[in-house]
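Structural overview
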Amino acid sequence: MRKIVLYIAMSLDGFIAEQSGGVDWLKGDGSEPDSKGSYPAFYESIDTVILGYTTYHQVATELFPEKWIYSGKKSYVLTHKDLPDTEHIVFTKRNPGELLADLKGTEGGDIWICGGADIVNQLLELDLIDRYCISIIPMILGRGIPLFQNRSVQRALRLISTCSYDGIVDLVYEPR
């Protein structure tokens with residue numbers, strides 16, 4: 001069965017972006033600049049990408065404006081806006097829980113929860129995340145957009161694996 005996987009990076013102090021949304025700091029310490037880390041293997045394991053509108057807009061307009069970086073994967077953007085679907089992107093107002101339940105019941109690779117924090121926290125509250133892959137970036141931001149915002153939700157996790165490269169530490173957990 002397909003897994004719903006959160007694969008995301010955060011600062012050592014728990015932020016996924018600066019207060020303004022900036023992510024220029026998402027990089028290693030330069031000790032292994034040629035290392036690709038865990039991302040290439042992870043990306044091959046998925047065929048569906050889930051994003052909130054803010055993350056989609058940042059990817060499409062700031063980070064990779066030339067072309068949709070996730071072409072070849074089916075992308076769903078959760079939004080309240082009325083936007084036309086494209087060849088690779090479905091814009092949807094569907095409830096995240098219902099959408100993911102439908103997707104999980106179909107054939108295919110894993111489903112990537114790409115961001116942002118609002119989507120992650122909705123899915124955390126619904127207990128829909130099957131695997132947490134969190135890359136700890138060697139940076140302390142002091143303030144910004146926290147990954148986990150709902151302080152009342154508790155989830156007991158089991159460590160599956162760790163790996164480090166270029167000063168980044170990848171932690172992989174699954175629910176106990």
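Refer to the structure above for everything that follows.
Right, let's walk through the structure included here. Because the structure is predicted, anything quoted here is derived from the model rather than measured.

For helix H2 (residues 53–63), the set of buried residues is Thr55, Tyr56, Gln58 and Val59. For H2, the angular spread of the buried residues around the axis is 165°, confining them to a single face. In H2, the exposed positions angled more than 90 degrees off the buried face are occupied by Thr54 and Glu62. Structurally, H2 contributes buried residues whose contacts are with strand S3 (46–52), strand S4 (74–78), strand S5 (89–92) and strand S6 (110–115).

Another aspect to go through is the pairing of strand S10 (residues 168–175). Each regular strand carries side chains that alternate between the two faces of the sheet. Alternating positions in S10 separate cleanly, Ile168, Asp170, Val172 and Glu174 being buried on one face and Val169, Leu171, Tyr173 and Pro175 remaining unburied on the opposite face. Strand direction decides the pairing type here: strand S7 (residues 131–137) and S10, joined by five bridges, are antiparallel. Across the sheet, serine 135 pairs through a bridge with aspartate 170, a residue of S10. Here strand S9 (residues 157–165) pairs with S10 via eight bridges, running antiparallel. Looking across to S10, one finds that serine 164 is bridged to valine 169. The hairpin turn running from S9 into S10, its antiparallel successor, is two residues long, and aspartate 166 in that turn takes a positive phi close to 50°.

What counts, and at which threshold
Residues numbered from 1 in each chain as written. Predicted model: local features only at pLDDT ≥ 70, side-chain atom pairs only at ≥ 80, totals over all residues. Heavy atoms only, no water. Buried < 20%, exposed > 50% of the residue type's maximum accessible area, 1.4 Å probe, protein only. Helix = DSSP H or I, 4+ residues; strand = E, 2+ residues; numbered from the N terminus. Arc of directions from axis to C-beta. Contact = heavy atoms within 4.5 Å. Pairing = 2+ DSSP bridges.

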